[in-house]
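Next come the chains, spelled out residue by residue.
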Amino acid sequence: MGITDRALSPSDFRANFITVYSNPGVGKTTLAAQLGQKNVFLTDETGVGVLSNWPELESRSHKRVFKFQGLNDFKEIVDDIEKGVLECDNLVIDTFTGIHNMKLLQLLKDRKVSDLLKLDHTTRQNLPMLDQRDYGLSGNMWTPVIQGLNAWGGNITLLCHLRLPDPNRPKVGDATQPDLPAKVMQLVNKYSNVVAYMQRDDKGNRTLITQGNSRLIAKSQINMPDKVSDKEFVKVITEWRSK
């Protein structure tokens, strides 16, 4: 197969995918809610509590929150949006890290986990009951989900936690990056128009880094400065999505 046979078609990239990652509590959910007026949240167990106690979100013109139960949730939400049952201009996955871990726990409960790709160290710390050989979850599980969302073509905001350094391997895996297994991160990076790392200083000011290097994962396929405030980020993304 030649290089021209492997060229990506325009249909490979349809949805407006934005991925934002940070430490917990920095303000990912607040930022995501500002990217739409009719937000639909698919959230993990932690996100349910955060969203239910967040008065700022109530000021948005519209919101619907669904707790993740299984992979079919993604298809059901998109189907309802296309049928007009749900109004949505911004589908927020909050957090993709948490939902990934919830799916792993479901597989463990159903005894469906086998020897697959090793999970990263942060997930291992969160799931200490796992046997060494069961630290795996293939990125193949998420391929039809991400591709299905992309085919839908709507506005999608993926929120992820920051991957923590591994104290047992100080020279390995300490780059600033989302807390996702390698295969899943490759999939997210492929379809994301923007991958941004968000941080907050001592004064509460939030900034997003949109260009990466060997020590930090970030990218932007739209016209945006390498480092922007949260307000400027919202403005740029909103204008880009409205085109």
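Look a little higher up for the structure.
Residues numbered from 1 in each chain as written. Predicted model: local features only at pLDDT ≥ 70, side-chain atom pairs only at ≥ 80, totals over all residues. Heavy atoms only, no water.

A. Looking closely at helix H9 (residues 230-242). Over its 13 residues, H9 extends 18 Å from the first C-alpha to the last, a length consistent with the 18 Å expected when each residue adds 1.5 Å. All buried positions along H9 are accounted for by Asp230, Phe233, Val234, Val236, Ile237, Trp240 and Arg241. (Helix = DSSP H or I, 4+ residues; strand = E, 2+ residues; numbered from the N terminus. Expected span 1.5 Å × (residues − 1). Buried < 20%, exposed > 50% of the residue type's maximum accessible area, 1.4 Å probe, protein only.)

B. Region of the structure containing the pattern of salt bridges. In the structure shown here, the tally under the stated rule is three salt bridges. Residue Asp79 is joined to Lys75 by a salt bridge in which the shortest nitrogen-to-oxygen separation is 2.8 Å. Separated by four residues within a single helix, Asp79 and Lys75 lie in helix H4 (residues 72-83), roughly one turn from each other. You can call Asp79 partly exposed: its relative accessible area is 23%. (Salt bridge = Lys/Arg side-chain N within 4 Å of Asp/Glu carboxyl O.)

C. Up close: the pairing of strand S4 (residues 90-94). Counting buried residues in S4 gives five out of five residues, a clear majority hidden from the surface. As paired strands, strand S2 (residues 39-43) and S4 are joined by five bridges and run parallel to one another. By the bridge assignment for S4, Val40 is matched with Leu91. Direction of pairing for S4 relative to strand S5 (residues 155-161): parallel, over a ladder of four bridges. (Pairing = 2+ DSSP bridges.)

D. A look at the packing of aromatic side chains. The full count for this structure, using the stated rule, is four aromatic pairs. Here the aromatic rings of Phe74 and Trp142 are separated by 6.0 Å at their centres, their planes lie at 90 degrees, and the arrangement is edge-to-face. Linking Phe74 in helix H4 with Trp142 in the loop between helix H6 (121-126) and helix H7 (143-152), this pair joins segments that are 68 residues apart in sequence. Note on Phe74: relative accessible area 5%, which makes it buried. Assessed through its relative accessible area of 0%, Trp142 is described here as buried. Ring geometry for Phe96 and Trp142: centres 4.9 Å apart, planes at 75 degrees, overall edge-to-face. (Phe/Tyr/Trp six-rings, centres within 6.5 Å; stacked < 30°, edge-to-face > 60°.)

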